[in-house]
Amino acid sequence: MQMKEKLSPFQTAILVYLTQSGVTLFSLPRLVAEAFGTNGWIGLIIISFIVNINMILIWLVYKMSKGKSMFEIIAIFPKWITFSFCVFIAVVWMLLGIMVILKFSMIIKVLFYQNVSLIYLLSMSYILTYLLLKKDIYQIAKATVVLFYFTVWTVFLLAFHLPEFSFIRLTPFIFKGDTDMLKGGLSIFTALLGYELSILYVHKIDRKPLRSLLVGNSITSVIYLGVTFVSYGFFSFEQLLREMYPVVTLLGYISFPVLERVENFTFSVFGLKVLMTIVMYLWGTKELIQYQFKRIKTNFIVMGILIIGFSVSFVPKVIKDVDQWLTYITYAATAIAILLPIFLLLTILTSKILNRKAANE
Amino acid sequence: MNKFIIILFVFLVTGCAEQRIIDDLALINAVGYDLTDNEKNPLKLTVTFPIITKDGKYDRKTIMVEGKTSKEAREKVRFKTNYKLESGQVRVALFGKRLAKEGLLPNLHSLVRDPSIGTRLKLALAEDEASDVLLLQIKNEGQNATYLEQFLTKINRENFRTNYNIYQFLRDYYDDGIDPILPVFKVEKNNIAYNGIGLFHEDKLVEILKPSEASYLFLFREEMKQGVFLEQIDVGKEEQASIMLNYELKNHHIEIPSTPSKSKKASIYIELIGDVVEYTGKDDVSDPKIQRKIEAIITKKINQEGKKLIMKLQKLQVDPLGINRYVRNKMNYNEWKALDQYKSYQDMNINIETKVIINSSGKWK
């Protein structure tokens, strides 16, 4: 390559948004209701704010290291430390990506295609994932822009629910009912995960990295907030707690003059968003593995990840198992999201101090 | 190489999908639930689906079975037809009166749990047995399910904003400040006719309002936008006239005076603007003076009849107007949870304040 390609701020924002918005969206309003109780959509704003702080940490890593990549920063450590470190993160990210697509496939199977084999649905998504993963981040980012325009119109479907929306149903009570702020809040936080991957590409952003990251998170938050808010006025509170996938019900409620049960289509379109989540997580995994094994061809790594992923997909048998896996994996991923930038910041600071000392001596 | 693998995959994976040939499917379009006297199999399930007869005519088939639960009965239906049953096209679920009095929730749960059934599934009550309505052969009508579906859509669109689909019913059921309602149908001279509104206390049918009473109920419900007012009114001494208004509901709100401890009062304000379509009195309706007089008479009538209806609702402990929602929104959470909602609703003094404006007397003076 003669000229080094860079991610434009717009592409970055969309990349962040599409990585974030994944399979949790379908149950999000219920999760919010379980966590924060009545008018829980306000809680979503708080969570989004925490994510913004985390993004600032990631940006600080970039700023303090003067544009170095994560791998350049951790290069000061001995090989065996970086190795176990990278492999751990790689495994978590890989499992997260795989479980997300597995859960989506399972939901789509339960709801719409009961007689279609899971292998079929998974194979389709893995083929698409492979096609995207073969390329580098710039190509993926370009594809996300296309997918963004493909999927973003679904937000406007919320307008169909306005006739049934009622402010009276929102109730004046704030955060009342059975609430579980900590555990529930964490599960909502995981719905916004995906931004932490930006630590791998923050140095590749053309300009205004912080702003593009924040814009990405804002898009996700606004969409999440919109969906949750509409759900609160569309469903009654107790009903919302009982809806397994409120967003699927929302989609199912839309009727067009000619078509009946359009949700089968719209839900499949949502699959593209979920696809980007898995692609980005597996991309993260690929980058980490590639860093450790520089000699292996990228294509083999991608193949390896996908084959392992495909096999792991058959370990959890039912949605319940997947949910169990997802809970633990997302906890690990949350810890990575918060601790990784802090750890990198400390590394930069100590190496700076050490360098200064060395220079003084 | 890659392209080859992908093409290979595309062909291989198509083999996994199952085929469904539409001619071999029984696309159920309506189900009916009834209670039977049979103790072992208390539920009677009626399903109807369209078929194409051997000589190519469009017909329907209705199957009736008894079972313990709705899904068990559905299994029995499976043994009674050569087609493959599909419930993805169910448009109407009809409940018999006796079953509705026992409570709809168990059956609704099995409907809403089934992912193949849509959230827009329309619900209705049968004044007698749901199976009677579904089994009825109306000449030249074809599918009873389609007939009912159209009927329900019409009712909803025309002037009764009944909350009739499964999502709306469950929403109002789970909302702690409002009770659901459903339209009632009955078999009448080889025809299916609308016959009022069923009032629910939680998920149990309590009472069926006659269509004339029901029209007042809808006047006080917020979703109502326009309708027809038809009533006998007293004009002058011992003189009665029939009047019909096409009206628009201009304003509707329910107010609860915010007294901190107990809100025992509620007021419903409505404002109607109407055009006279029929008037059988001797007076000249185009005369503004007479119009004002009629306005006053109608206002009085609505207040009177409305009050009667609301007293009835309070006595039955049903709140289809959702007055309790307004009470709730004036209280704090602990007060609301401590409140005996139906008791306080019963004791509440609910006022109706109506304003009727006659817009025109039609195109005849």
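Q: Explain the overall build of chain B to me, please; I cannot follow it from the model alone.
A: When helices and strands are counted, chain B shows 12 helices and 14 strands. Along the longest, intermediate and shortest principal axes, the C-alpha atoms of chain B span 85 × 60 × 55 Å. When burial is assessed residue by residue, chain B has 51% of its 365 residues classed as buried. Here the analysis covers contacts within chain B between residues at least 6 apart in sequence; of these, 65% occur between residues at least 24 apart. A total of about 18300 Å² of accessible surface is found on chain B, and carbon and sulfur atoms cover 51% of it. Within chain B, the 51 negative side-chain charges are centred at a point lying 2 Å from the centre of the 56 positive side-chain charges.

Q: Explain the pattern of salt bridges to me, please; I cannot follow it from the model alone.
A: Two side chains that carry opposite charge are able to pair once their charged atoms sit near each other. All names here are of chain B. Tallied over the full model, the rule gives 24 salt bridges over all chains. Note that Asp 203 and Lys 204 form a salt bridge whose closest N and O atoms lie 3.7 Å from each other. The structure contains a network of salt bridges with shared partners spanning Asp 175, Asp 176, Arg 328 and Lys 337.

Q: What exactly am I supposed to notice about the packing of helix α13 (residues 263-292) of chain A against helix α14 (residues 298-312) of chain A here?
A: Residues and elements named next belong to chain A. Packing of α13 against α14 brings their axes to within 10 Å, and their N-to-C directions diverge by 125°. In terms of their interaxial angle, α13 and α14 are classed as oblique. At the point where α13 passes α14, the crossing takes the right-handed sense. Across the interface between the two elements, Leu 282, Thr 285, Lys 286, Ile 289 and Gln 290 from α13 touch Thr 298, Ile 301, Val 302, Ile 305 and Leu 306 from α14. The class makeup of the residues in the contact of α13 with α14 is 6 nonpolar, 3 polar and 1 charged.

Q: What should I look at first to understand unusual backbone geometry in this one?
A: For residues that are not glycine, phi is negative in most cases, and the peptide bond is trans in most cases. The phi torsion at A:Lys208 lies on the positive side, around 45°, for a residue other than glycine. Its place among the elements puts A:Lys208 in the loop between α9 (198-201) and α10 (209-234). Even without being glycine, B:Glu202 reaches a positive phi, approximately 55°. Mapped onto the fold, B:Glu202 is located in the loop between β9 (192-201) and β10 (204-209). Using a relative accessible area of 40% as the deciding quantity, one classes B:Glu202 as partly exposed.

Q: Explain the interface of chain B and chain A to me, please; I cannot follow it from the model alone.
A: The accessible area lost on association of the parts is a frequent measure of interface size. Tallying the contact residues gives 33 residues for chain B and 32 residues for chain A. With both sides pooled, the region where chain B packs onto chain A buries about 3100 Å², and carbon together with sulfur makes up 58% of that total. The three residues of chain B that bury the most area against chain A are B:Tyr167, B:Tyr174 and B:Tyr333, which together make up 21% of that side's buried surface. Across the contact surface, chain B and chain A share 1 salt bridge. Its salt-bridge partner being B:Arg171, residue A:Glu164 comes within 2.8 Å of it at the nearest N-O pair. Counting every contact that joins chain B to chain A gives 12 residue pairs in polar contact (both at pLDDT 80 or more). Of all the secondary structure elements, the ones that give two or more residues to the side of chain B that touches chain A are α1 (2-13), α7 (166-174), α10 (323-328) and α11 (333-338) of chain B. For the side of chain B that touches chain A, the element with the most residues is α7(B), which contributes 5 residues.

Q: Explain helix α3 (residues 41-64) of chain A here, please?
A: Count 3.6 residues to each turn of an α-helix, and residues three or four apart come out pointing the same way. Residues and elements named next belong to chain A. In a regular helix each residue adds 1.5 Å, so 24 residues correspond to 34 Å; α3 covers 35 Å between its end C-alpha atoms and thus fits that length. Listed as buried for α3 are Trp 41, Gly 43, Leu 44, Ile 47, Ser 48, Val 51, Asn 54, Met 55, Leu 57, Ile 58, Val 61 and Tyr 62. Just past α3, the residue Lys 66 takes up positive phi, approximately 55°.

Q: What is the right way to read the sheet that holds strand β13 (residues 265-279) of chain B from this model?
A: In a beta sheet, neighbouring strands are held together by backbone hydrogen bonds and run either parallel or antiparallel to one another. Residue and element names in this part refer to chain B. Strand order in the open sheet formed by 4 strands is β11-β12-β13-β14, and the pairing between neighbours is mixed. Each edge of the open sheet carries a strand with a single partner, namely β11 (226-234) and β14 (349-360). Taking the axes of each pair of neighbouring strands and ignoring which way they run, one obtains an average angle of 40° across the sheet. Here helix α9 (residues 288-316) sits on the sheet in contact with β11, β12 (240-255), β13 and β14, set at roughly 150° to β14.

Q: Even after reading the chapter, I still don't get the side chain of A:Gln11, so can you show me in this structure?
A: Residues and elements named next belong to chain A. Assignment of secondary structure puts Gln 11 in helix α1 (residues 9-20). What makes Gln 11 buried here is its relative accessible area of 15%. Contacts of Gln 11, omitting those with residues within four sequence positions, involve Lys 6, Ala 141, Lys 142 and Val 145.

Q: Just to check I follow, could you spell out the sheet that holds strand β8 (residues 181-187) of chain B for this structure?
A: Residue and element names in this part refer to chain B. A sheet is described by the order of its strands in space; here 8 strands give the open sequence β4-β3-β2-β6-β7-β8-β9-β10, paired in mixed fashion. Edge positions in the sheet fall to β4 (58-67) and β10, since each has one partner strand and no second. Recorded for the sheet is a direction-independent mean angle of 30° between the axes of neighbouring strands. In this sheet, β8 lies alongside strand β7 (residues 122-126) in parallel orientation, the contact comprising 2 bridges. By the bridge assignment for β8, Ala 126 is matched with Phe 185. In the packing of α9 onto the sheet, contacts are made with β9 and β10, and the angle to β10 comes to roughly 160°.

What counts, and where the lines are drawn
Residues numbered from 1 in each chain as written. Chains lettered and ligands numbered in written order. Predicted model: local features only at pLDDT ≥ 70, side-chain atom pairs only at ≥ 80, totals over all residues. Heavy atoms only, no water. Helix = DSSP H or I, 4+ residues; strand = E, 2+ residues; numbered from the N terminus. Buried < 20%, exposed > 50% of the residue type's maximum accessible area, 1.4 Å probe, protein only. Contact = heavy atoms within 4.5 Å. Areas by Shrake-Rupley, 256 points an atom, 1.4 Å probe, with all protein chains shown as cover. Lys, Arg positive; Asp, Glu negative; His and termini not counted. Charge placed at Lys NZ, Arg CZ, Asp CG, Glu CD. Salt bridge = Lys/Arg side-chain N within 4 Å of Asp/Glu carboxyl O. Axes fitted to C-alpha atoms, helices over the stretch in contact; angles between N-to-C directions. Parallel < 35°, antiparallel > 145°, perpendicular 65-115°, else oblique. Left-handed = near helix turned anticlockwise from the far one by under 90°. Nonpolar A, V, L, I, M, F, W, Y, C, P; charged D, E, K, R; others polar. Buried area = accessible area lost by both parts, 1.4 Å probe. Polar contact = N/O pair within 3.5 Å; in protein donor to acceptor, adjacent residues only side chain to side chain. Expected span 1.5 Å × (residues − 1). Pairing = 2+ DSSP bridges.

Remember that the coordinates give geometry; whether it matters functionally is a separate question.
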